[in-house]
Amino acid sequence: NAGVTQTPKFQVLKTGQSMTLQCAQDMNHEYMSWYRQDPGMGLRLIHYSVGAGITDQGEVPNGYNVSRSTTEDFPLRLLSAAPSQTSVYFCASSYLEDIGDTQYFGPGTRLTVL
Amino acid sequence: AQKITQTQPGMFVQEKEAVTLDCTYDTSDQSYGLFWYKQPSSGEMIFLIYQGSYDEQNATEGRYSLNFQKARKSANLVISASQLGDSAMYFCAMREASFNAGNNRKLIWGLGTSLAVNP
(Lines give C-alpha, C1' and ligand atoms only; values in the text may rest on other atoms or scores of the structure.)
Protein backbone atom coordinates (compact mmCIF):
# COMPACT_ATOMS: atom_id res chain seq x y z
CA ASN A 1 0.00 0.00 0.00
CA ALA A 2 1.93 3.02 -1.29
CA GLY A 3 -0.67 5.65 -0.32
CA VAL A 4 -0.35 8.81 -2.41
CA THR A 5 2.62 9.01 -4.75
CA GLN A 6 3.86 12.01 -6.71
CA THR A 7 6.46 12.37 -9.41
CA PRO A 8 8.80 14.07 -9.91
CA LYS A 9 10.09 15.22 -6.51
CA PHE A 10 11.99 18.12 -8.00
CA GLN A 11 11.67 19.95 -11.31
CA VAL A 12 13.21 23.02 -12.88
CA LEU A 13 11.46 24.59 -15.86
CA LYS A 14 12.08 27.56 -18.05
CA THR A 15 9.36 30.15 -18.52
CA GLY A 16 6.91 28.99 -21.16
CA GLN A 17 7.64 25.29 -20.87
CA SER A 18 4.86 22.85 -20.10
CA MET A 19 4.92 19.79 -17.91
CA THR A 20 2.73 17.33 -16.05
CA LEU A 21 2.96 16.54 -12.36
CA GLN A 22 1.84 13.00 -11.71
CA CYS A 23 -0.25 11.86 -8.76
CA ALA A 24 -1.54 8.39 -7.98
CA GLN A 25 -3.27 6.79 -5.01
CA ASP A 26 -4.00 3.17 -4.24
CA MET A 27 -6.59 3.66 -1.49
CA ASN A 28 -9.62 3.78 -3.81
CA HIS A 29 -10.37 7.33 -2.69
CA GLU A 30 -13.05 9.17 -4.61
CA TYR A 31 -11.69 12.62 -3.81
CA MET A 32 -8.35 13.91 -5.08
CA SER A 33 -6.96 17.41 -5.00
CA TRP A 34 -3.94 19.53 -5.80
CA TYR A 35 -2.58 22.21 -3.49
CA ARG A 36 0.30 24.59 -3.78
CA GLN A 37 2.27 25.73 -0.76
CA ASP A 38 3.99 29.08 -0.75
CA PRO A 39 5.82 30.77 2.14
CA GLY A 40 3.51 32.99 4.16
CA MET A 41 0.42 31.89 2.24
CA GLY A 42 -0.32 28.43 3.53
CA LEU A 43 -1.80 25.77 1.30
CA ARG A 44 -4.12 26.82 -1.49
CA LEU A 45 -6.40 24.54 -3.46
CA ILE A 46 -5.77 24.48 -7.21
CA HIS A 47 -8.15 21.83 -8.56
CA TYR A 48 -10.05 18.90 -7.17
CA SER A 49 -11.97 15.85 -8.35
CA VAL A 50 -14.75 13.82 -6.75
CA GLY A 51 -14.45 10.88 -9.12
CA ALA A 52 -13.34 9.73 -12.53
CA GLY A 53 -14.43 12.19 -15.18
CA ILE A 54 -15.35 14.93 -12.66
CA THR A 55 -13.06 17.85 -11.90
CA ASP A 56 -13.56 21.36 -10.61
CA GLN A 57 -11.59 24.49 -9.83
CA GLY A 58 -10.27 25.50 -6.46
CA GLU A 59 -8.97 28.87 -5.29
CA VAL A 60 -6.06 29.31 -7.71
CA PRO A 61 -6.77 27.35 -10.92
CA ASN A 62 -5.33 29.74 -13.50
CA GLY A 63 -2.46 28.27 -15.47
CA TYR A 64 -3.24 24.69 -14.51
CA ASN A 65 -5.29 21.90 -16.04
CA VAL A 66 -6.37 18.58 -14.60
CA SER A 67 -8.13 15.45 -15.74
CA ARG A 68 -9.29 12.31 -13.98
CA SER A 69 -9.63 9.36 -16.30
CA THR A 70 -9.27 6.75 -13.55
CA THR A 71 -9.93 6.64 -9.82
CA GLU A 72 -6.22 6.22 -9.15
CA ASP A 73 -4.62 9.02 -11.17
CA PHE A 74 -4.97 12.80 -11.06
CA PRO A 75 -2.27 14.59 -13.09
CA LEU A 76 -1.73 18.34 -12.93
CA ARG A 77 -0.65 20.09 -16.12
CA LEU A 78 1.17 23.38 -16.28
CA LEU A 79 0.36 24.78 -19.69
CA SER A 80 2.98 27.52 -19.97
CA ALA A 81 5.10 27.78 -16.85
CA ALA A 82 5.61 31.18 -15.22
CA PRO A 83 7.94 32.19 -12.37
CA SER A 84 4.82 32.78 -10.22
CA GLN A 85 4.23 29.03 -10.37
CA THR A 86 7.42 28.33 -8.45
CA SER A 87 6.08 26.47 -5.45
CA VAL A 88 5.73 23.15 -3.70
CA TYR A 89 2.82 21.13 -5.06
CA PHE A 90 0.95 18.56 -3.03
CA CYS A 91 -1.56 16.00 -4.17
CA ALA A 92 -4.04 14.72 -1.58
CA SER A 93 -6.84 12.18 -1.53
CA SER A 94 -9.66 11.09 0.74
CA TYR A 95 -12.94 9.26 0.89
CA LEU A 96 -16.14 11.25 0.36
CA GLU A 97 -18.26 9.83 3.15
CA ASP A 98 -18.28 12.48 5.87
CA ILE A 99 -16.76 15.69 7.06
CA GLY A 100 -14.10 13.90 9.06
CA ASP A 101 -12.57 12.04 6.14
CA THR A 102 -8.84 12.60 6.39
CA GLN A 103 -6.96 13.91 3.39
CA TYR A 104 -3.73 12.02 2.87
CA PHE A 105 -0.93 13.82 1.14
CA GLY A 106 1.76 12.79 -1.28
CA PRO A 107 5.41 13.71 -0.64
CA GLY A 108 5.20 16.87 -2.75
CA THR A 109 6.89 18.21 -5.88
CA ARG A 110 9.22 21.18 -5.58
CA LEU A 111 8.95 23.18 -8.80
CA THR A 112 11.18 26.06 -9.82
CA VAL A 113 10.37 28.14 -12.88
CA LEU A 114 13.24 30.27 -14.17
CA ALA B 1 -11.04 37.40 6.77
CA GLN B 2 -8.70 34.61 7.75
CA LYS B 3 -10.67 31.67 9.03
CA ILE B 4 -7.85 29.77 10.71
CA THR B 5 -5.44 31.72 12.89
CA GLN B 6 -2.27 30.31 14.33
CA THR B 7 -0.79 33.12 16.38
CA GLN B 8 2.56 31.52 17.20
CA PRO B 9 4.93 31.64 14.22
CA GLY B 10 7.58 29.85 16.24
CA MET B 11 7.72 27.90 19.49
CA PHE B 12 10.46 26.30 21.54
CA VAL B 13 10.03 23.45 23.99
CA GLN B 14 12.41 21.40 26.06
CA GLU B 15 12.59 17.71 25.32
CA LYS B 16 10.16 15.66 27.45
CA GLU B 17 8.01 18.68 28.26
CA ALA B 18 4.48 19.32 26.99
CA VAL B 19 3.69 22.08 24.52
CA THR B 20 0.46 23.66 23.31
CA LEU B 21 0.09 25.01 19.79
CA ASP B 22 -2.75 27.47 19.38
CA CYS B 23 -5.40 27.46 16.69
CA THR B 24 -8.50 29.62 16.53
CA TYR B 25 -11.08 29.40 13.80
CA ASP B 26 -14.02 31.30 12.43
CA THR B 27 -17.08 29.71 10.89
CA SER B 28 -20.82 30.17 10.85
CA ASP B 29 -21.41 26.48 10.15
CA GLN B 30 -22.68 24.32 12.98
CA SER B 31 -20.99 21.28 11.49
CA TYR B 32 -17.30 21.38 10.77
CA GLY B 33 -14.14 19.41 11.29
CA LEU B 34 -10.72 20.46 12.56
CA PHE B 35 -7.49 18.79 11.58
CA TRP B 36 -3.88 19.07 12.60
CA TYR B 37 -1.02 18.16 10.28
CA LYS B 38 2.72 17.98 10.85
CA GLN B 39 5.25 18.96 8.21
CA PRO B 40 8.83 17.99 9.07
CA SER B 41 11.79 19.46 7.26
CA SER B 42 11.58 16.64 4.72
CA GLY B 43 8.40 18.29 3.44
CA GLU B 44 5.64 15.71 3.64
CA MET B 45 2.30 16.52 5.28
CA ILE B 46 1.42 14.05 8.00
CA PHE B 47 -2.07 13.86 9.48
CA LEU B 48 -2.05 13.93 13.29
CA ILE B 49 -5.52 14.31 14.75
CA TYR B 50 -9.12 15.21 13.97
CA GLN B 51 -11.93 16.82 15.99
CA GLY B 52 -15.52 17.06 14.80
CA SER B 53 -17.65 19.97 15.94
CA TYR B 54 -20.21 17.62 17.47
CA ASP B 55 -17.67 15.44 19.25
CA GLU B 56 -18.26 15.79 22.96
CA GLN B 57 -14.85 14.58 24.01
CA ASN B 58 -11.50 16.01 23.05
CA ALA B 59 -9.69 13.90 20.48
CA THR B 60 -6.53 12.05 21.47
CA GLU B 61 -3.99 10.13 19.40
CA GLY B 62 -1.04 8.84 21.37
CA ARG B 63 0.97 11.85 22.57
CA TYR B 64 -1.30 14.25 20.68
CA SER B 65 -4.49 15.65 22.10
CA LEU B 66 -6.76 18.39 20.94
CA ASN B 67 -8.03 20.94 23.45
CA PHE B 68 -11.35 21.81 21.79
CA GLN B 69 -13.19 24.81 23.20
CA LYS B 70 -16.17 25.32 20.95
CA ALA B 71 -17.49 28.50 22.54
CA ARG B 72 -14.10 30.14 22.18
CA LYS B 73 -13.61 28.65 18.70
CA SER B 74 -10.26 27.24 19.57
CA ALA B 75 -8.72 23.87 18.78
CA ASN B 76 -5.29 23.81 20.36
CA LEU B 77 -2.91 20.91 19.79
CA VAL B 78 -1.19 19.56 22.87
CA ILE B 79 1.93 17.44 22.45
CA SER B 80 2.95 15.65 25.60
CA ALA B 81 6.47 14.47 26.38
CA SER B 82 8.07 16.25 23.42
CA GLN B 83 10.67 14.41 21.41
CA LEU B 84 13.39 15.72 19.12
CA GLY B 85 11.47 14.26 16.19
CA ASP B 86 8.56 16.57 16.97
CA SER B 87 10.53 19.51 15.56
CA ALA B 88 8.46 20.52 12.53
CA MET B 89 5.84 22.90 11.18
CA TYR B 90 2.35 22.26 12.48
CA PHE B 91 -0.74 23.26 10.57
CA CYS B 92 -4.31 23.59 11.74
CA ALA B 93 -7.03 23.17 9.10
CA MET B 94 -10.81 23.25 8.97
CA ARG B 95 -13.45 21.76 6.74
CA GLU B 96 -16.90 23.36 6.82
CA ALA B 97 -20.07 21.43 6.21
CA SER B 98 -21.30 23.98 3.66
CA PHE B 99 -18.30 23.15 1.50
CA ASN B 100 -18.63 19.49 2.28
CA ALA B 101 -22.15 19.40 0.93
CA GLY B 102 -20.87 20.57 -2.42
CA ASN B 103 -18.16 17.92 -2.37
CA ASN B 104 -15.55 20.64 -2.47
CA ARG B 105 -13.91 19.06 0.57
CA LYS B 106 -11.81 22.17 0.77
CA LEU B 107 -9.56 22.43 3.78
CA ILE B 108 -8.95 25.96 5.05
CA TRP B 109 -5.42 26.21 6.38
CA GLY B 110 -3.62 28.28 8.94
CA LEU B 111 -0.12 29.59 8.27
CA GLY B 112 1.47 27.16 10.66
CA THR B 113 3.62 27.14 13.78
CA SER B 114 7.25 26.13 13.68
CA LEU B 115 8.10 24.00 16.70
CA ALA B 116 11.67 23.41 17.80
CA VAL B 117 12.38 20.80 20.47
CA ASN B 118 15.57 21.46 22.40
CA PRO B 119 17.60 18.56 23.86
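Heads up: the structure comes first, above all this text.
Just so it is clear, the structure is predicted and the values come from calculations on it, not from any experiment. (Residues numbered from 1 in each chain as written. Chains lettered and ligands numbered in written order. Predicted model: local features only at pLDDT ≥ 70, side-chain atom pairs only at ≥ 80, totals over all residues. Heavy atoms only, no water.)

**Points about the pairing of strand β12 (residues 113-118) of chain B**
All names here are of chain B.
Part 1 of the argument: Residues of β12 alternate between two faces, with Thr113, Leu115 and Val117 buried on one and Ser114, Ala116 and Asn118 left unburied on the opposite face.
Part 2 of the argument: Relative to β12, strand β2 (residues 10-14) runs parallel, the two sharing five bridges. When the bridges of β12 are listed, Val13 appears paired with Val117.
Part 3 of the argument: Sheet topology note: the strand β10 (residues 88-96)/β12 ladder contains three bridges and is antiparallel. Its bridge partner being in β12, Tyr90 is matched across the sheet by Thr113. (Buried < 20%, exposed > 50% of the residue type's maximum accessible area, 1.4 Å probe, protein only. Helix = DSSP H or I, 4+ residues; strand = E, 2+ residues; numbered from the N terminus. Pairing = 2+ DSSP bridges.)

**Notes on the interface of chain B and chain A**
Part 1 of the argument: In this assembly, 24 residues from chain B lie in contact with 23 residues from chain A.
Part 2 of the argument: Our count for the chain B to chain A interface comes out at zero salt bridges.
Part 3 of the argument: Summed over the shared surface of chain B and chain A, the number is three residue pairs in polar contact (both at pLDDT 80 or more).
Part 4 of the argument: For the side of chain B that touches chain A, the elements supplying multiple residues, two or more each, are β5 (32-39), β6 (46-52), β10 and α1 (97-101) of chain B.
Part 5 of the argument: Among the elements that line the side of chain B that touches chain A, the one with the most residues is β5(B), at five residues.
Part 6 of the argument: Partitioned by chemical class, the residues of the side of chain B that touches chain A number eleven nonpolar, eight polar and five charged. (Contact = heavy atoms within 4.5 Å. Salt bridge = Lys/Arg side-chain N within 4 Å of Asp/Glu carboxyl O. Polar contact = N/O pair within 3.5 Å; in protein donor to acceptor, adjacent residues only side chain to side chain. Nonpolar A, V, L, I, M, F, W, Y, C, P; charged D, E, K, R; others polar.)

No statement about biological role is implied by the geometric values presented.
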